[in-house]
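An overview of the molecular structure
Okay, here's what each chain looks like letter by letter:
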Amino acid sequence: QVQLVESGGGLVQAGGSLRLSCAASGRTFSSYAMGWFRQAPGKEREFVATISWNSGSTYYADSVKGRFTISRDNAKNTVYLQLNSLKPEDTAVYYCAAILAGRWYSGRRDVGSYDYWGQGTQVTVSS
C-alpha cells in the first residue's frame, strides 16, 4: 500500500512558477514509477509527466514539454513537479500517482494503469 500526499499548489500569475511535491508513505517507494496528471473543470484527467523508478527516464505531455520538470528523491520518498512559464490553460487540480515499475513501460501515460493516487492540489494561473 502506498499513500500519496501532494502539496505546493496555489494561485500564480501567467509566466510564474510553482513547485509541486508528492510525499509517499511506505518503504517501497523505489519499486514504483511516478506520474503527474491534471484535471481541469469539465475535462478528463490527463497525463502531464512521468519518471521511472530510478530517475533514468522521464516523459512529458507535449503541452508542458520544456516548461515542466519532473524529478524524484527516493531517499525522501518524494516526487516533484517544477512548473515554469505557467499559462492560464495549466489551471487544474494536479494529482500524483504511482505505478509498479514493471508495468510502467506499457502504461506510463495511461490514467487507468496507475495503482495509487493522491488527493490532488489546485493550481490556478491568472492571466
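Coordinates for the structure precede this section.
Summary of the structure given here. (Residues numbered from 1 in each chain as written. Predicted model: local features only at pLDDT ≥ 70, side-chain atom pairs only at ≥ 80, totals over all residues. Heavy atoms only, no water.)

1. Some details on the pattern of salt bridges
How we decide: By salt bridge we mean one thing: a side-chain nitrogen of Lys or Arg within 4 Å of a carboxyl oxygen of Asp or Glu. We call a residue buried when its accessible area falls under 20% of the maximum for its residue type, exposed when it is over 50%, and partly exposed in between, using a 1.4 Å probe and counting protein chains only. Helix and strand definitions follow DSSP, with helices as H or I runs of at least four residues and strands as E runs of at least two, each counted in order from the N terminus.
This model, assessed by the stated rule, comprises five salt bridges. With a closest N to O distance of 2.6 Å, Arg38 and Glu46 form a salt bridge. Residue Arg38 is classed as buried on the basis of its relative accessible area of 6%. Residue classification places Glu46 among the partly exposed residues on the basis of a relative accessible area of 36%. Measuring nitrogen to oxygen at the nearest pair gives 2.3 Å for the salt bridge that ties Asp115 to Arg103. In this pair, Asp115 is assigned in the loop between helix H1 (104–107) and strand S10 (116–117) and Arg103 in the loop between strand S9 (92–100) and H1, connecting sequence segments twelve residues apart. Accessibility expressed as a relative area gives 32% for Asp115, which makes it partly exposed. Overall, the relative accessible area of 34% leaves Arg103 in the partly exposed class. The network of salt bridges with common partners includes Arg38, Glu46, Arg67 and Asp90.

2. What to know about the sheet that holds strand S8 (residues 78–83)
We count it as follows: DSSP calls a pair of strands paired once it identifies at least 2 bridges connecting them. An axis is simply a line fitted to the C-alpha atoms; with a helix, the fit covers only the stretch in contact. Between two such axes, the angle follows the N-to-C directions and lies from 0 to 180 degrees.
Ordered in space as S1-S3-S8-S7, the four strands form an open sheet in which the pairing is antiparallel. Two strands bound the open sheet, and with one partner strand each, they are strand S1 (4–7) and strand S7 (68–73). With strand direction ignored, the average angle separating the axes of adjacent strands in the sheet is 15°.

3. Description of the nonpolar core
Generally speaking, nonpolar side chains in soluble globular proteins are found buried as a group. Convention followed: Only buried residues count toward a nonpolar core, which is a set of Ala, Val, Leu, Ile, Met, Phe, Trp, Tyr and Cys residues joined through side-chain atoms within 4.5 Å. Here a residue-residue contact requires only that any non-hydrogen atoms of the pair lie within 4.5 Å.
Counting residues in hydrophobic clusters, the biggest one holds 38 residues, and the most contacted among them are Leu4, Met34, Trp36, Leu81 and Tyr94. Elements that contribute at least two residues to this core include exactly strand S3 (18–24), strand S4 (32–39), strand S5 (46–51), S7, S8, S9 and strand S11 (121–126). Here this core takes six residues from S9, the largest share from any one element. If near-sequence neighbours (up to four positions away) are discounted, Met34 is found in contact with Leu4, Cys22, Phe29, Ala49, Thr50, Ile51, Ile70, Arg72, Val79, Ala97, Ala98 and Tyr114.

4. What about the pairing of S11?
Along S11, the buried face is formed by Thr121, Val123 and Val125; none of Gln122, Thr124 and Ser126, which line the opposite face, is buried. By the bridge criterion, four bridges tie strand S2 (residues 10–13) to S11 in an arrangement that is parallel. Residue pairing for S11: Gly10 is matched across the bridge by Val123. Here S9 runs beside S11; their pairing, made up of three bridges, is antiparallel.

5. Focus: the packing of aromatic side chains
Using the following cut-off: Only Phe, Tyr and Trp rings take part, Trp by its six-membered ring, and two of them pair if their centres are within 6.5 Å. Stacked means planes under 30 degrees apart, edge-to-face means over 60, and tilted covers everything else. To sit over a ring, a charge needs its Lys NZ or Arg CZ within 6 Å of the ring centre and within 35 degrees of the ring normal.
Tallied over the full model, the rule gives eight aromatic pairs. Measuring from ring centre to ring centre gives 5.0 Å for Phe37 and Trp117, while their planes differ by 55°; the resulting arrangement is tilted. Of this pair, Phe37 sits in strand S4 while Trp117 sits in strand S10; the two residues are 80 residues apart in sequence, bridging distant segments of the chain. What links up through ring pairs into an aromatic cluster is the set Phe37, Phe47, Tyr95, Tyr114 and Trp117. Here the basic side chain of Arg19 rests over the ring of Tyr80, its NZ or CZ set 4.0 Å away from the ring centre. Taking NZ or CZ as reference, Arg45 lies 4.9 Å from the ring centre of Trp117, over its face.

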